[in-house]
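# Tertiary structure, described
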Amino acid sequence: MDLDPKPPEEPNTRGGFELPWLEKYRPQYIHEIVGNMEAVARLQVIAEEGNMPNVILAGPPGTGKTTSILCLAHQLLGPTYKEAVLELNASDDRGIDVVRNKIKMFAQKKVTLPPGRHKIVILDEADSMTAGAQQALRRTMEIYSNTTRFALACNQSSKIIEPIQSRCAIVRYSRISDVDILSRLRLVCEKEGVTYNDEGMEALIFTADGDMRQALNNLQATHSGFGFISQENVFKVCDQPHPKLVMSIIENCSKADLDAAYAGLKGLVDLGYSSHDIITTVFRVVRNADIPEFLKLEYLREVGFCHMRIAEGVNSRLQLSGMLAKLCSKTLAVA
């Protein structure tokens, strides 16, 4: 599979500065997209047949939703891409006036297109559109369906009103697997001459948590700062609680040693990490920990409850301390 960076006609510099690797190695064609093979296969069929429906791409950040839409638009429209695509992001004002004026004017615009093709309106972060704008959009989608197609990218499709959902084909994206992230990181390292060790790659994958954008940004930041991708360097750049420190806390809980576990937790808090940083890393560590399956499920249950309370705003150290006590009690119950 050809995974070259941007084609030669698009330089790898912008204003004299080198492009971020995220942009430099952004896929240009649908078959180059990494992960979510079923979703990508559906888009490949649309690109080959040319009959694009209105679509909603829903999934976590950094999984390739926007890239997929851009690749699809490039393959469908070819040289007419710039004239026939309107892209609006969450940074733009996307209230009801934008739908009534900007989108409507674009839909009415005359553009010479290849046979059987349509103009495309790309709405990135569509779940942040106001309810009024979404209501206005559904009518616009119907009126101009002969000439214009809409592609919406969002993190949660439930935040898109149902009338729009019913007018669109929904394509769901999941977090990218560790294997796929590793293959793309190795490719970029090879092309950029980056030196690394296996522990450094594992650390990048751990900090990314299925987010390809995060993985590439962390790779470039670590390379720029230290010149070598090692576990220590990655965690210095990403500044997340070190998994080894968190693992020692979990091991103390598995021995029902609450005092030692709390001492480890206090050390993380004293380093300046927030409750949200700590609980997120605790979840990832417990999920991959080498502990009995039944005990792991009980741990994940308590970590989940604690995470929920922290997300609701009760983010004091008391919640984390209570979680450690619960984990120790689960260990004693099993013993």
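About the thresholds
Residues numbered from 1 in each chain as written. Predicted model: local features only at pLDDT ≥ 70, side-chain atom pairs only at ≥ 80, totals over all residues. Heavy atoms only, no water. UniProt positions renumbered as here; feature names shortened; annotations may be inferred. pLDDT = per-residue confidence, 0-100. Helix = DSSP H or I, 4+ residues; strand = E, 2+ residues; numbered from the N terminus. Contact = heavy atoms within 4.5 Å. Pairing = 2+ DSSP bridges. Axes fitted to C-alpha atoms, helices over the stretch in contact; angles between N-to-C directions. Buried < 20%, exposed > 50% of the residue type's maximum accessible area, 1.4 Å probe, protein only. Salt bridge = Lys/Arg side-chain N within 4 Å of Asp/Glu carboxyl O. Parallel < 35°, antiparallel > 145°, perpendicular 65-115°, else oblique. Left-handed = near helix turned anticlockwise from the far one by under 90°. Nonpolar A, V, L, I, M, F, W, Y, C, P; charged D, E, K, R; others polar. Core = buried A, V, L, I, M, F, W, Y, C linked by side-chain atoms within 4.5 Å. Domains from an automatic or database assignment. Buried area = accessible area lost by both parts, 1.4 Å probe.

For the protein chain, the name recorded in an unreviewed UniProt entry is Replication factor C subunit 2, with Volvox carteri f. nagariensis as its organism. Quoted verbatim from the Subcellular location (unreviewed entry) field of the UniProt record, the comment on the protein chain reads "Nucleus". The Subunit (unreviewed entry) comment attached to the protein chain in UniProt states, word for word, "Heterotetramer of subunits RFC2, RFC3, RFC4 and RFC5 that can form a complex with RFC1."

### Some words on the confidence of the model for the protein chain
A low pLDDT score tells you not to read the predicted coordinates there in detail. In this model, the protein chain carries an average pLDDT of 87, and 94% of its residues clear a pLDDT of 70 or more. Model confidence for the protein chain, summarised as mean pLDDT per element, is weakest for strand S1 (residues 13-14) at 49 and strongest for strand S3 (residues 55-58) at 94. Overall, residues 1-11 carries pLDDT values under 50, and its contacts beyond four positions in sequence, including any with other chains, amount to 21 contacts.

### So, the sheet that holds strand S4 (residues 85-88)
Here five strands make up an open sheet; going across it, the order is S4-S5-S6-S3-S7 and the pairing parallel. Of all strands in the sheet, those bounded by a partner on one side alone are S4 and strand S7 (169-172). Each strand axis lies, on average, 15 degrees off the axis of its neighbour in the sheet, ignoring direction. Examined bridge by bridge, S4 and strand S5 (residues 119-123) share four bridges and lie parallel to one another. By the bridge assignment, Leu86 is partnered in S5 with Val121. Strand contacts of helix H2 (residues 37-49): S3 and S7, with the helix running at about 140 degrees to S7, the strand carrying the most contacts.

### Focus on unusual backbone geometry
Positive phi outside glycine occurs at Asp209, with the angle close to 55 degrees. Mapped onto the secondary structure, Asp209 falls in the loop between helix H9 (198-208) and helix H10 (212-226). Phi is positive for Ala256, close to 60 degrees, though the residue is something other than glycine. Judged by its relative accessible area of 27%, Ala256 is partly exposed.

### Regarding the pattern of salt bridges
Inspection of the entire model under this criterion finds 12 salt bridges. Its salt-bridge partner being Lys266, residue Asp270 comes within 2.9 Å of it at the nearest N-O pair. With Asp270 and Lys266 both in helix H13 (residues 258-270) and four residues apart, this pair spans about one turn of that helix. With relative accessibility at 36%, the residue Lys266 sits in the partly exposed group. The shortest N-O distance in the salt bridge between Lys330 and Glu298 comes to 3.2 Å. One end of the pair, Lys330, is in helix H16 (residues 317-334); the other, Glu298, is in helix H15 (residues 293-311), and 32 residues separate them in sequence. We note that Lys330, like Glu298, is buried. Connected through salt bridges with shared partners, the residues Glu298, Arg301, Glu302, Lys326 and Lys330 form a single ionic network.

### So, the packing of helix H14 (residues 275-288) against H15
Closest axis-to-axis distance for the H14/H15 pair is 10 Å, and the angle between their directions is 160 degrees. One element, H14, and the other, H15, form an angle in the roughly antiparallel class. Of the two possible hands of crossing, H14 and H15 adopt the one that is left-handed. Counting all contacts with H14, which are made through Ser275, His276, Ile279, Thr280, Val282, Phe283, Val286, Arg287 and Asn288, the residues of H15 involved are Lys296, Tyr299, Leu300, Val303, Cys306, His307 and Ile310. Residue classes in the contact of H14 with H15 are distributed as nine nonpolar, five polar and two charged.

### Regarding the nonpolar core
With 49 residues, the main nonpolar core has Leu185, Leu219, Ile250, Val282, Tyr299, Leu320 and Met323 as its most contacted residues. Here this core gets six residues from one element, more than from any other, and that element is H9. Among all residues touching Met323, those that are not within four sequence positions of it are Ile279, Val282, Glu302, Val303 and Cys306. In this structure, Val55, Leu57, Leu72 and Val171 belong to the second largest nonpolar core, which totals 27 residues.

### Regarding the domain arrangement of the protein chain
With domains assigned, the protein chain is organised as domain 1 (21-172), domain 2 (178-238) and domain 3 (243-333). On a C-alpha basis, the centres of domain 2 and domain 3 stand 26 Å from each other. Across the contact, five residues belong to domain 2 and six residues belong to domain 3. For the domain 2 and domain 3 pair, buried surface summed over both sides reaches about 470 Å², with 57% attributable to carbon and sulfur atoms. One can count two salt bridges joining domain 2 with domain 3. Every element with two or more residues in the side of domain 2 that touches domain 3 is listed here: H9 and helix H11 (231-238).

### Brief notes about the packing of H9 against H11
One way to put it is that H9 packs onto H11 with a least axis distance of 7 Å and a crossing angle of 30 degrees. Judged on the interaxial angle alone, H11 and H9 are roughly parallel. The residues of H11 that touch H9, namely those facing Glu199, Gly200, Ala203, Leu204, Phe206 and Thr207, are Gln231, Val234, Phe235 and Cys238. Taken together, the residues of the contact of H9 with H11 sort by class into six nonpolar, three polar and one charged.

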